[in-house]
Amino acid sequence: MRTVKLDLDHAPYDILIARNLLDSVDRITALLPQKRVAIVTNETVAPLYLEPLQDALEAAGVQVEAVVLPDGERFKTWETLNLIFDALLAARAERKTTLIALGGGVIGDMTGFAAAVYQRGVPFIQIPTTLLAQVDSSVGGKTAINHPLGKNMIGAFYQPQLVLADLATLDTLPARELSAGLAEVIKYGLIDDLAFFEWLEANIDALVARDTDALAYAVERSCQNKARIVAADEKEHGQRALLNLGHTFGHAIEAGLGYGAWLHGEAVAAGMVLAAHASHALGQISDDDLARIIRLIEKAGLPVVSPALGFERYLDLMAQDKKVDAGKIKFILLRNLGASYIGELPVAVIQAALTAGCAPA
Ligand code: NAD
Ligand code: GLY
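All of the points below concern the structure found in this document.

The rules behind the values
Counting of residues starts from 1 at the beginning of each chain's written sequence and follows it residue by residue. As they are written, the chains are lettered A onward and the ligands numbered 1 onward, keeping that order. For a predicted model such as this one, the threshold for reporting local features is a pLDDT of at least 70, and the threshold for listing and counting side-chain atom pairs is 80 or more; totals across whole chains, interfaces and linings nevertheless cover every residue. Heavy atoms from the whole structure form the basis of all side-chain values; hydrogens and water molecules are not counted. Only buried residues count toward a nonpolar core. Its members are Ala, Val, Leu, Ile, Met, Phe, Trp, Tyr and Cys residues joined through side-chain atoms within 4.5 Å. Each residue is assigned to one of three classes by its accessible area relative to the maximum for its type, calculated with a 1.4 Å probe on protein chains only: buried under 20%, partly exposed between the two thresholds, exposed over 50%. We call two residues in contact whenever any of their non-hydrogen atoms come within 4.5 Å of each other. Note on aromatic pairs: the rings of Phe, Tyr and Trp (six-membered ring only in Trp) are paired at centre separations within 6.5 Å, and the planes decide the class, stacked below 30 degrees, edge-to-face beyond 60, tilted for the rest. Strands here mean DSSP runs of E at least two residues long; helices mean DSSP runs of H or I at least four residues long; both are numbered from the N terminus. We call a charge positioned above a ring when the Lys NZ or Arg CZ atom is no farther than 6 Å from the ring centre and deviates by at most 35 degrees from the ring normal. Fitted lines through C-alpha atoms serve as axes, helices being fitted only where they are in contact, and the angles separating the N-to-C directions of these axes extend from 0 to 180 degrees. By convention the crossing between two helices is left-handed if the near helix lies anticlockwise of the far one by an angle smaller than a right angle, and right-handed if it lies clockwise. Here the nonpolar group is Ala, Val, Leu, Ile, Met, Phe, Trp, Tyr, Cys and Pro; Asp, Glu, Lys and Arg are the charged ones; every other residue, Gly included, is treated as polar. What counts as a salt bridge is simple: a side-chain nitrogen of Lys or Arg found within 4 Å of a carboxyl oxygen of Asp or Glu. Here a cavity denotes grid points, spaced 1 Å and computed from the protein atoms alone, that fit a 1.4 Å probe unable to get out, and a pocket denotes an open set having protein on both sides within 12 Å along at least 5 of 7 lines; residues with an atom within 4 Å of a point are the lining. Grid points are joined across faces, edges and corners, and a volume is the space filled by probe spheres set on the points.

Quick look at the nonpolar core
Piece 1. Ranked by internal contacts, the top residues of the largest apolar core, which has 80 residues, are Leu131, Leu190, Ile293 and Ile297.
Piece 2. Contact partners of Leu190, with chain neighbours within four places excluded, come to Phe197, Leu245, Met272, Ile293, Leu334, Leu337, Gly338 and Ala339.

Set out below in structure tokens:
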């Protein structure tokens, strides 16, 4: 078992990483203020992992409601969120009933938001079952739903009490989803961990082949990086924004193509390449650095060329980003490989990056 601690003053919690955590529920039951939980999952994950978790909890004397939602980013909406509230209210779930998110980032973000607002806040545990959710979305307390005009625009900061990352659940993850998770793993190397970037260059084939030790190390190191940044800046007043490398461009790709057309991790990957092109155009990273970034992302099975939405459309979509401040779009840029900062870009550099990194119109 690998344990990463998120040392928030007001709400510290553990991220536990190991295979086969789902049927040993002692760590969950130890936290419950009442012997009652609602497991929120979706119709893909439920047939795979709901039963062992539910059985183990019931064997420990816990009353379990299961809420099974439709699957997909396009369902990360008010309407689907309301299905959680409908189920909680119909079951008379109480203020001490714990919500458990069992699934990927979509389920984790929606369940977290539901936990933040149901009866003004109920306890919440994350059981992430995608690589992306294990290395990123289950950690740090960002919860949200999408709006047709912008990604993750409606939500709350609300921390879980525990994160259980069961690596065995990754066995059933489609290859495309595994690659999507690797985008966020590569992000940690690029923003401030050169040694991890170099480790990823050496181990990317093992990760794509789902080597157990390589995956365990990548999840642990990613969570350590995220926990350090979140502990220093929980509500994103400063350095937490670095975790958005590639996301200003990436969210524009997701919204511009329609949510779900590209996976979040795919859009982030292509967005990181655009951010690298911009950093290269500014003269901050070398030709060789740019080539290394593109090579690693490509070897992870991810897109390195962005869709041709058009310059004006990209600008329009990026103007909806949550980092926009007094009308100015903020980007996460690379000063070097493994060193990033938050900055603005001249329009000509945005244009140069899009020209270099987008498919021909
Ligand atoms: P997802 O939740 O849509 O899951 C991907 C797919 O894999 C889904 O079809 C899901 O049902 C399926 N799945 C999940 N676990 C599986 C398993 N073990 N075996 C087989 N199939 C499985 O997508 P995701 O990539 O996990 O998360 C993306 C979401 O996370 C986006 O909405 C993004 O905005 C959000 N996100 C949030 C944060 C945060 O800090 N809160 C960070 C990064 C991303
Ligand atoms: N995924 C970005 C963050 O948690 O801040």
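Notes on the packing of aromatic side chains
Piece 1. The tally for this structure, following the rule as stated, stands at five aromatic pairs.
Piece 2. Centroid distance Phe249 to Phe331: 5.2 Å. Interplanar angle 40°. Geometry classified as tilted. One end of the pair, Phe249, is in helix H9 (residues 247-257); the other, Phe331, is in strand E10 (residues 331-336), and 82 residues separate them in sequence.
Piece 3. Given the relative accessible area of 2%, Phe331 is considered buried.
Piece 4. Chaining the aromatic ring pairs together yields one cluster made of Phe196, Trp199 and Tyr217.
Piece 5. Positioned above the aromatic ring of Tyr188 is the side chain of Lys187, whose terminal nitrogen or guanidinium carbon lies 5.1 Å from the ring centre.
Piece 6. Cation over ring: Arg335 sits above Tyr341, and NZ or CZ is 4.2 Å from the ring centre.

Let's talk about the packing of helix H12 (residues 311-318) against helix H13 (residues 347-357)
When two helices pack together, you describe them by how their axes are tilted relative to each other and by the distance separating the axes.
Piece 1. Put simply, H12 and H13 touch, their axes get as near as 11 Å, and they point 115° apart. The crossing of H12 and H13 is right-handed. On H13, the residues touching Phe311, Tyr314, Leu315 and Met318 of H12 are Val347, Ile350, Gln351 and Leu354.
Piece 2. The residue makeup of the contact of H12 with H13, split by class, is seven nonpolar, one polar and no charged.

Notes on the pattern of salt bridges
Where charged atoms from two side chains of opposite charge come close, those side chains can pair.
Piece 1. Applying the stated rule across the entire model yields 20 salt bridges.
Piece 2. Of the charged contacts, one joins Glu236 and Lys142 as a salt bridge, the two residues approaching to 2.5 Å between their closest N and O atoms. A residue pair is termed long-range when its members are at least 10 positions apart, and Glu236 in the loop between helix H8 (212-232) and H9 and Lys142 in strand E7 (residues 142-147) qualify at 94 residues.
Piece 3. For Lys142, a relative accessible area of 32% corresponds to the partly exposed category.
Piece 4. Several salt bridges converge on common partners, so that one network encompasses Asp136, Glu184, Lys187 and Lys226.

Let's talk about empty space enclosed by the protein
Piece 1. Taken as a whole and judged by the stated rule, the model has one cavity of 30 Å³ or more.
Piece 2. Within this model, the largest cavity holds a volume of roughly 100 Å³.
Piece 3. Around the largest cavity, the lining is made up of 13 residues, and of these Gly150, Lys151, His251, Leu317 and Gln320 lie nearest the centre.
Piece 4. Taken together, the elements giving at least two residues each to the lining of the largest cavity come down to strand E8 (150-157), H9 and H12.
Piece 5. When grouped by side-chain class, the residues that make up the lining of the largest cavity number six nonpolar, four polar and three charged.

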